[in-house]
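# Close look at the chain arrangement
Chain residues, written in single-letter form:
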Amino acid sequence: MSFDSGSPRRFHKRSMTGFTPTEIKAIDQSIPIKAREAWTKYSAREFTTTDQLEEQFINHVETTLARSMYNCDNLAAYQALSSSIRDKLILHWNKTQQMHTLREVKRIYYLSLEFLMGRALDNAMINLGTKELCSKSIDELGFNLEDVLDIEPDAGLGNGGLGRLAACFIDSMSTGNYPGWGYGLRYNYGIFSQKIVDGYQVEAPDYWLKYGNPWEIPRFEIQIPVDFYGYVSTITDAKTGKVKKQWQGGEQVLAVAYDFPVPGYNTRNVNNLRLWSSQPTREFDFQKFNEGDYDSSVAQQQRAESITAVLYPNDNFYQGKELRLKQQYFWVAASLHDIVRRFLKTKKKWSEFPDLVAIQLNDTHPTLAVVELQRILVDLEGLEWDAAWDIVTRTFGYTNHTVMQEALEKWPLDLFGNLLPRHLEIIYAINMNFLKMVAQKFPQDRDLPRNVSIIEESDPKNIRMANLAIIGSHKVNGVAELHSELIKTTIFKDFVKIYGAEKFTNVTNGITPRRWLKQANPELSDLIQAKLGSDEYLTNTIKLKELEKFISDPEFRRSWADIKFHNKQRLAKLIKKLTNIEVNPHNLFDVQVKRIHEYKRQQMNIFGVIYRYLQIKATPAAERAAKFYPRVSIIGGKAAPGYYAAKKIIKLVNSVAEVVNKDPEVGDLLKVVFIPDYNVSKAEIICPGSDISEHISTAGTEASGTSNMKFVLNGGLIIGTVDGANVEITREVGEDQIFLFGNLAEDVDELRQDHQIGKLELPESLSLAFDAIEKGTFGPYEEYQSLVEAIKYHGDYYLVSDDFESYLEAQNSVDKEFRDTENWTKKSIICVANMGFFSSDRCIQEYAENIWNVEPVLDQV
Ligand SMILES: *Cc1c(COP(=O)(O)O)cnc(C)c1O
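Every chain is numbered on its own, with residues counted from 1 as its sequence reads. Side-chain atom pairs in this predicted model are given and counted only at pLDDT of 80 or more, local residue features only at pLDDT of at least 70, and totals for whole chains, interfaces and linings cover all residues. Computation of side-chain values: all heavy atoms of the structure, hydrogens and water removed.

## Let's talk about the overall build of the protein chain
Per the convention used, a helix needs a DSSP run of H or I reaching at least four residues, while a strand needs a run of E reaching at least two, with both numbered from the N terminus. On a plain count of helices and strands, the protein chain comes out with 35 helices and 24 strands. At 28 Å, the protein chain has a C-alpha radius of gyration in line with the 29 Å of a compact globule built from 861 residues. Projected onto the principal axes, the alpha-carbon positions of the protein chain cover approximately 95 × 75 × 60 Å. Throughout, a residue-residue contact means that at least one pair of heavy atoms, one from each residue, lies within 4.5 Å. Contacts in the protein chain between residues far apart in sequence, at least 24 positions, make up 77% of those at least 6 positions apart. To get the radius of gyration, use the C-alpha atoms; to get the globule rule, take the number of residues to the power 0.38 and multiply by 2.2 Å.

## Examining the site of the ligand
Being near a molecule or strand, for a residue, comes down to having at least one heavy atom within 4 Å of it. Near the ligand, the surroundings consist of 13 residues, among which Lys-594, Lys-600, Thr-706, Ser-707 and Lys-710 are the closest. In the analysis that follows, any N or O atom pair within 3.5 Å is treated as a polar contact, provided that within protein one partner can donate a hydrogen and the other can accept it, and provided that, for residues neighboring in sequence, both atoms belong to side chains. In this structure, an oxygen atom belonging to the ligand sits 2.7 Å away from a side-chain N or O atom of Lys-600. Within the side chain of Ser-707, a nitrogen or oxygen atom sits 2.6 Å from an oxygen atom of the ligand. When isolated, the ligand has an accessible area of 390 Å², and the protein chains bury 96% of it. Put simply, the parts of the chain that give the shell around the ligand at least two residues each are α27 (680-686) and α28 (707-713). Amino acids are sorted into nonpolar (Ala, Val, Leu, Ile, Met, Phe, Trp, Tyr, Cys and Pro), charged (Asp, Glu, Lys and Arg) and polar (every other residue, Gly among them). For the shell around the ligand, the class distribution of residues is four nonpolar, six polar and three charged. Per-residue and other accessible areas were derived by the Shrake-Rupley procedure at a 1.4 Å probe size, with only the shown protein chains allowed to occlude residues.

## A closer look at the pattern of salt bridges
By salt bridge we mean one thing: a side-chain nitrogen of Lys or Arg within 4 Å of a carboxyl oxygen of Asp or Glu. Evaluated as defined, the whole model comprises 57 salt bridges. The partner of Lys-600 in a salt bridge is Glu-702, and the shortest N-O contact between them spans 2.8 Å. Residue Lys-600 is found in the loop between β19 (588-593) and α24 (602-618), and its partner Glu-702 is found in the loop between β22 (692-695) and α28; the two are separated by 102 residues along the sequence. In this structure, Lys-600 and Glu-702 share a single accessibility class: buried. Because the salt bridges share partners, they merge into one network encompassing Arg-219, Asp-259, Arg-274, Asp-338, Arg-341 and Arg-342. Buried, partly exposed and exposed residues are distinguished by accessible area as a fraction of the type maximum, computed with a 1.4 Å probe on protein chains only: under 20%, between the cut-offs, and over 50%, respectively.

## Thoughts on the packing of aromatic side chains
Paired rings are identified among Phe, Tyr and Trp, the last through its six-membered ring, by centres lying within 6.5 Å, and are further divided according to the angle between planes into stacked (under 30 degrees), edge-to-face (over 60) and tilted (the rest). By the definition in use, this model includes 31 aromatic pairs. For the pair Phe-818 and Trp-824, a centre-to-centre distance of 4.8 Å together with 85° between the ring planes defines the contact as edge-to-face. Grouping aromatic residues by their ring pairs yields a cluster made of Tyr-398, Phe-434, Phe-492, Phe-495, Tyr-499 and Phe-504. A ring has a charge above it when a Lys NZ or an Arg CZ is no more than 6 Å from the ring centre and no more than 35 degrees off the ring normal. Note that Lys-88 overlies the ring of Phe-47, its terminal NZ or CZ placed 4.4 Å from the centroid.

## A short note on the environment of Glu-146
Secondary-structure assignment places Glu-146 in helix α7 (residues 145-149). Judged by relative accessible area, which is 56%, Glu-146 ranks as exposed. The sequence separation of Glu-146 and Arg-624 amounts to 478 residues, and the corresponding C-alpha distance is 41 Å.

## Overview of the side chain of Arg-612
Along the chain, the position of Arg-612 falls in helix α24. When neighbours within four sequence positions are excluded, Arg-612 is seen to be in contact with Phe-628, Tyr-629, Arg-631, Leu-670, Gln-811 and Asp-815.

## A word on the packing of helix α23 (residues 554-579) against helix α34 (residues 821-833)
Working convention: axes come from line fits to C-alpha atoms, limited for helices to the stretch in contact. Angles between N-to-C directions cover 0 to 180 degrees. At a minimum axis distance of 10 Å, the contact between α23 and α34 shows a crossing angle of 85°. Classed by the angle they form, the pair α23 and α34 counts as roughly perpendicular. Residues Phe-556, Arg-557, Trp-560 and Ala-561 of α23 touch α34, and the partners they reach there are Glu-822, Thr-825, Lys-826, Ser-828, Ile-829 and Val-832. Looking at the contact of α23 with α34 residue by residue, the classes come out as five nonpolar, two polar and three charged. Should an angle fall under 35 degrees it is called roughly parallel, over 145 degrees roughly antiparallel, and 65 to 115 degrees roughly perpendicular, with every other angle called oblique.

## A few points about the UniProt feature "modified residue: N6-(pyridoxal phosphate)lysine" (unreviewed entry) in the protein chain
In the numbering used here, UniProt assigns the "modified residue: N6-(pyridoxal phosphate)lysine" (unreviewed entry) feature to Lys-710. Among the structural elements, Lys-710 can be located in helix α28. Once residues lying within four places of it in the same chain are set aside, the contact partners of Lys-710 are Arg-164, Ile-511, Trp-516 and Cys-687. UniProt positions are given in the numbering used here, feature names are shortened, and annotations may be inferred rather than shown by experiment.

## Structural notes on the sheet that holds β22
Each pair of strands is called paired provided DSSP finds at least two bridges between the two strands. Ordered by their spatial adjacency, six strands build an open sheet running β21-β20-β19-β22-β23-β24, and the pairing between neighbours is parallel. For this open sheet the edge positions go to β21 (670-675) and β24 (738-741), each flanked by a neighbour on one side alone. When strand polarity is set aside, the average angle formed by the axes of neighbouring strands in this sheet is 20°. With two bridges connecting them, β19 and β22 associate as parallel partners. Bridge pairing links Asp-590 to Ile-692 in β22. Sitting on the sheet, α24 touches β19, β20 (631-636), β21, β22 and β24, and the angle it makes with β21 is about 155°. Against the sheet, α34 contacts β22, β23 (717-721) and β24, and its axis sits at roughly 75° relative to β23.

## Focus on the sheet that holds strand β14 (residues 410-412)
Spatial strand order, β14-β16-β15: three strands in an open sheet with antiparallel pairing. Of all strands in the sheet, those with a lone pairing partner are β14 and β15 (455-456), marking the two edges. As judged from the three bridges shared by β14 and strand β16 (residues 462-464), these two strands associate in the antiparallel manner. Within the sheet, the bridge partner assigned to Pro-412 lies in β16 and is Asn-462.

## Looking at the environment of Lys-461
Checked against the element boundaries, Lys-461 lands in the loop between β15 and β16. Overall, the relative accessible area of 38% leaves Lys-461 in the partly exposed class. Distance in space between the C-alpha atoms of Lys-461 and Ala-810 is 46 Å, their sequence separation being 349 residues. In contact with Lys-461, not counting residues within four places along its chain, are Trp-411, Pro-412, Leu-413, Ile-455 and Glu-456.

Structure (structure tokens):
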């Protein structure tokens with residue numbers, strides 16, 4: 001493997017963004033005067049007026065799309081508008097990258113297997129400050145912008161919170177003028193699209209590239225070979241006499257780069273999201289082809305392409321599939337090769353690598369990068385082990401996303417060693433050095449080495465990726481205060497003993513206010529901007545605090561409440577379109593949308609809905625209106641295709657909806673809705689349309705949550721447990737603005753143990769709900785038996801029985817408080833005013849200062 005690849009061009013050896021300052025000067029002088037004049041005169045220009053945009057738009061329709069005025073439909077309009085905006089982005093991108101290269105600034109590389117980007121067009125227009133202009137042009141050209149925006153498929157290259165966090169972070173890195181790149185995979189199929197058939201989830205493939213993708217720039221010239229399998233040999237260097245290990249791969253695939261420009265808000269800084277796509281090394285395996293073995297030559301091609309074919313649809317759950325490990329190495333090897341190649345252009349010493357490169361590991365998925373960098377430095381670049389290891393650990397930071405055992409990555413040793421034999425050797429060496437240090441430091445502690453070893457001495461043996469990530473990084477962070485404390489006292493407590501608590505830190509998650517306020521809630525953004533006098537709150541969210549000044553203004557509150565109502569109308573329209581259910585936007589909208597998971601406790605929500613339904617029916621008709629505030633219970637989210645319990649929860653929600661919604665006794669007092677195919681673009685409509693949203697995980701299980709932030713930033717209140725970022729949201733907005741309930745994280749272990757020894761009490765309310773299910777009120781009991789029995793007879797691991805009563809009480813408080821409309825609106829305003837802390841801009845600043853040691857890069861060349 002050599003790092004000097006790069007395609008030959010007309011004059012020069014390297015691609016444009018890859019020159020050193022000296023080289024650029026030399027090239028500059030070598031360009032003929034005539035050519036230089038032409039470049040200056042005809043250099044691409046970005047549109048700044050509607051006329052120029054319309055010219056570019058029509059140009060794209062006629063040439064890029066090969067269409068005409070007569071067959072320019074919404075799809076063509078979407079593609080032409082996106083292409084025009086992409087052109088603008090690319091010009092900014094080129095300048096940004098050129099500047100970063102020239103200045104030799106330290107770059108941040110955010111490695112994430114998931115980037116849940118959603119749609120790009122609306123966001124790009126907003127960040128470039130060109131939405132009004134575009135809207136006018138599109139209008140003049142005879143289209144409706146809303147309809148055009150609606151054509152775009154979501155880039156669903158992620159499962160849930162972790163992938164969306166990565167998307168918010170690259171937005172904030174661009175906005176904060178940080179030189180930050182994202183590295184990920186370009187899956188041909190993103191997260192499956194969810195259909196509901198007879199109440200069951202049915203998965204359909206998400207071929208999001210069906211109509212091409214105007215936002216990606218294929219870099220066919222960047223093709224990086226990646227090896228798998230093979231064997232390791234020991235060779236002696238003829239010159240130095242040094243013994244070296246050499247990995248001879250047995251199978252090779254190519255990683256081809258696809259770039260997605262990521263614009264910042266109100267800046268010309270445009271960063272890059274580089275996604276790799278796998279390709280076979282040869283078009284055809286000629287030998288096999290000539291021998292007439294056409295089938296197997298094609299099969300080999302397809303094997304290579306399968307690596308980036310599909311995103312694994314598990315959220316917070318580890319599944320040890322070889323293809324997944326292949327994805328991880330493919331992505332990590334290509335990314336590191338690219339990063340190292342870029343570093344080598346600076347001609348700096350290897351010891352300066354960590355001064356120019358910070359790599360953040362989003363969960364343990366990219367942990368192989370630690371091993372790969374060590375391999376590059378030792379095997380390929382000939383550095384001494386210790387010098388290399390010092391560079392490695394100064395480069396990496398690791399973000400942990402869960403304490404749940406079932407989500408921790410552990411690769412079976414034989415599977416791993418077969419795919420990556422040299423990497424296994426390196427892991428053994430890393431582990432040996434580490435355990436040696438541990439034994440020296442804690443000679444008395446006999447359990448310690450076994451607990452912290454990278455190798456789990458089980459049968460079969462496993463590689464613990466979290467241990468490797470900690471040992472290979474200089475900082476480890478959790479994603480909310482409670483979670484960062486929990487990792488120090490539970491899963492990583494032995495590492496705190498070894499490294500000290502300073503290695504462990506917290507960066508509470510955040511969300512980008514551009515997408516989750518301005519784009520998702522244009523009316524509220526306009527009101528805020530009018531009141532605060534500028535758009536500064538979008539880049540300095542602490543400014544939102546000034547909204548509190550207007551709380552006593554009844555006219556402001558009126559406007560605020562009207563906007564919430566409009567957003568509920570917008571959500572009601574979406575619900576009607578997706579489910580054909582009519583809901584009344586005057587009623588209380590109670591929303592829980594997120595991946596379906598037992599720990600997130602959608603089952604508790606629906607049991608609560610069932611209980612409410614039974615109570616309504618048990619109350620004399622004349623008294624119902626006084627007792628119950630009319631409510632719409634909205635639930636949405638995808639279940640991993642192999643997650644039996646989660647799928648049963650979806651079925652139960654749909655069956656309850658079926659019964660409740662057509663019960664004439666209930667009428668408007670209760671409606672139940674399951675929103676199919678929850679994704680980012682739907683979240684943008686759902687979050688602003690909620691009155692109360694549910695974040696009710698078993699305490700200690702939800703690392704942070706980010707949808708809690710999206711809802712509150714849009715003026716919705718929360719009912720939730722003392723878990724994840726709910727704790728800090730409460731601190732910021734005040735206890736009066738949140739409906740907290742349930743047991744605390746510190747009590748969970750004991751309650752679980754009690755259940756194990758048969759101490760489990762079903763509250764009367766939960767029994768009533770179970771009785772109804774068992775009686776077949778919502779269809780044959782067998783369908784839901786496992787959900788009920790998990791609680792009744794199998795230890796109720798997620799503590800539904802323990803929290804149910806206090807959950808109902810909190811819901812009763814919601815009913816009561818919602819009746820006081822004025823007071824509710826005041827709470828809503830206080831919430832938004834105090835959400836400034838939860839901007840992902842603040843996260844990026846914290847990472848930059850405490851982990852990456854990088855600074856924003858301002859001016860452009
Ligand atoms: C924000 C978001 C999530 C994360 O939701 P949590 O409630 O924090 O788990 C998941 N999916 C989508 C589409 C999101 O936008």
